[in-house]
Amino acid sequence: MSRIYDVVVVGGGPAGSAAALFCVCHGLEVCVIEKAQFPRDKICGDAISGKSMTVLKELELLDEVTTLPSARINAITFGNPDHDTVTIPLLGDKRRGIPPGLVIKRLLFDEFLFNKVRKSAASVYEGYQVNRLIFDGDRVIGVETRGTEHVNSISVLGKVIIGADGFNSIVARHTGLYEHDPEHWVVALRQYYKNVKGLNDTIELHYIDEVQPGYLWLFPAGDNVANIGIGMLHKSMKKRNVNLNEAMQKAINSPFFADRFAEAEPLEKPMGWNLPVASKHRKNYGHGFLLLGDAAGLIDPFTGEGIGNALFSAKIAAETIAEAVKQNDFSEEFLKRYDQKLWQALGDELQVSAKLQRIGRIRPLLNFVIKKAARSNHVREIISGMMANQIPKTEFANPLFYFKLLFSK
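Rules of the game
Residues numbered from 1 in each chain as written. Predicted model: local features only at pLDDT ≥ 70, side-chain atom pairs only at ≥ 80, totals over all residues. Heavy atoms only, no water. 1 Å grid on protein atoms, 1.4 Å probe; cavity = no way out; pocket = protein on both sides within 12 Å on 5 of 7 lines; lining within 4 Å. Points joined across faces, edges and corners; volume = space filled by probe spheres on them. Nonpolar A, V, L, I, M, F, W, Y, C, P; charged D, E, K, R; others polar. Phe/Tyr/Trp six-rings, centres within 6.5 Å; stacked < 30°, edge-to-face > 60°. Helix = DSSP H or I, 4+ residues; strand = E, 2+ residues; numbered from the N terminus. Buried < 20%, exposed > 50% of the residue type's maximum accessible area, 1.4 Å probe, protein only. Lys NZ or Arg CZ within 6 Å of the ring centre and 35° of its normal. Axes fitted to C-alpha atoms, helices over the stretch in contact; angles between N-to-C directions. Parallel < 35°, antiparallel > 145°, perpendicular 65-115°, else oblique. Left-handed = near helix turned anticlockwise from the far one by under 90°. Contact = heavy atoms within 4.5 Å. Salt bridge = Lys/Arg side-chain N within 4 Å of Asp/Glu carboxyl O.

Trainee: Explain empty space enclosed by the protein to me, please; I cannot follow it from the model alone.
Mentor: It is the rolling of a water-molecule-sized probe over the atoms that shows where space remains empty. Following the criterion strictly, the structure yields one cavity of 30 Å³ or more and no others. In this structure, the largest cavity occupies an estimated 90 Å³ of space. If you trace the largest cavity, you find 14 residues lining it, with Leu177, Tyr178, Glu179, Arg282 and Ala295 closest to the centre. A class-by-class count of the residues in the lining of the largest cavity yields nine nonpolar, one polar and four charged.

Trainee: Which parts of the structure should I look at to understand the packing of aromatic side chains?
Mentor: In this description, a pair of aromatic rings is defined by centroid distance and the angle of the planes. Within the structure shown, the criterion is met by eleven aromatic pairs. For the pair tyrosine 193 and phenylalanine 261, a centre-to-centre distance of 5.4 Å together with 85 degrees between the ring planes defines the contact as edge-to-face. Of this pair, tyrosine 193 sits in strand β12 (residues 185–194) while phenylalanine 261 sits in the loop between α7 (244–252) and β16 (265–266), and the two are 68 residues apart along the sequence. Residue tyrosine 193 is classed as buried on the basis of its relative accessible area, which comes to 6%. In this structure, arginine 337 packs its charged tip against the face of phenylalanine 334, placed 3.8 Å from the ring centre.

Trainee: Help me understand the packing of helix α1 (residues 14–25) against helix α4 (residues 106–118), please; the structure alone is not making it clear to me.
Mentor: The geometry of a pair of packed helices is captured by two quantities: the angle between their axes and the separation between those axes. Interhelical geometry of α1 versus α4 gives an angle of 25 degrees and a closest axis separation of 9 Å. Judged on the interaxial angle alone, α4 and α1 are roughly parallel. Two packed elements cross with a definite hand, and for α1 against α4 that hand is left-handed. On the side of α1, the interface is formed by Pro14, Ser17, Ala20 and Leu21, while α4 contributes Arg106, Phe109, Asp110, Leu113, Phe114, Lys116 and Val117. Class assignment for the residues of the contact of α1 with α4 results in seven nonpolar, one polar and three charged.

Trainee: Would you mind showing me how to read the pattern of salt bridges here?
Mentor: Opposite charge on two side chains permits them to pair, given that their charged atoms come into close proximity. One pass over the full model with this rule turns up 24 salt bridges. Close ionic contact of arginine 118 with glutamate 126 constitutes a salt bridge, the shortest N to O distance being 2.8 Å. Residue glutamate 126 is classed as buried on the basis of its relative accessible area, which comes to 17%. A salt bridge links lysine 280 to glutamate 179; the nearest nitrogen and oxygen atoms lie 2.8 Å apart. Linking lysine 280 in the loop between β17 (271–276) and β18 (285–286) with glutamate 179 in the loop between α5 (170–174) and β12, this pair joins segments that are 101 residues apart in sequence.

As structure tokens, this is what we get:
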């Protein structure tokens, strides 16, 4: 191709679709390349957080998103290894029309976003697999891609290439930025069930012994369906030789959960995926390219939630590329400002989440915090405020926070 786009986006998931839409809003010429044909499933917990909805609001998509089949979420329940539980209300932003939370199947959510890209000014290559990157010296200037029904490869050129192609990113691999570090990598398993008892407007995270360090989640997904899964640090899995399938079955058949699953029916086989978590600050930029979402390892280390940070990275990337096009500067030094802006906005939160992940490995401390929260309305208010960003999350990593918890009534 002789045409040179301002932006070539590899990957049409939430990060890639949002990046394309933001770039179009900036008046950039955009091409999106996605290897799958939508609708397609994506293994995930399906939770759409307040951060996600804030970005969707900026894209003027939130009102439509809330009409998708979903489960409205108003609270989150934490459970400790001793099976004490505490339920914390999630505070939305009524003034801005942002609900506390939603659970939407990725099959629906991702297709919704990709349809918006299809209807935008962006060019779309759906069903095309990127095979390699095209370089001019050390600068990435395009991708070589081949469609599932085509013999010949197609070259697509761009001033900036966005890698939004997930944890196994081709863009990250071919630029030398891919790494699988078991200390900063979570392996997760999802399985949809119907007829799980006790589902309401609450998502549940249970930090139980079977998956320490990690948790079992129970998320209502609407229409009497639940998204059930477990996630565990890869390093611990290898050390303990844990089989996630067996661990999940052991967890849901344990005395604490057995009754809730007594009439439950699985709707699929357990399906696994990888989560490069942001307990490590990975390089996410280079000469002519940026990495977004899972490809950049932006998943929250404590909750495992990745959509919010993926959408936020898309927004920052689009702003950076618009500046780069204006300055006609696509150097590594210029694109570094994407990383700087991103971690200036998310860095403190991700560092605290990494500390919380480490705290979650300490069984006595985890038991103490959740027991205390279960007994103390004041502690529940503190945690609720922190989750709504009304209290800085850095408080949670401060040793004085636990001193306050100790003496709270």
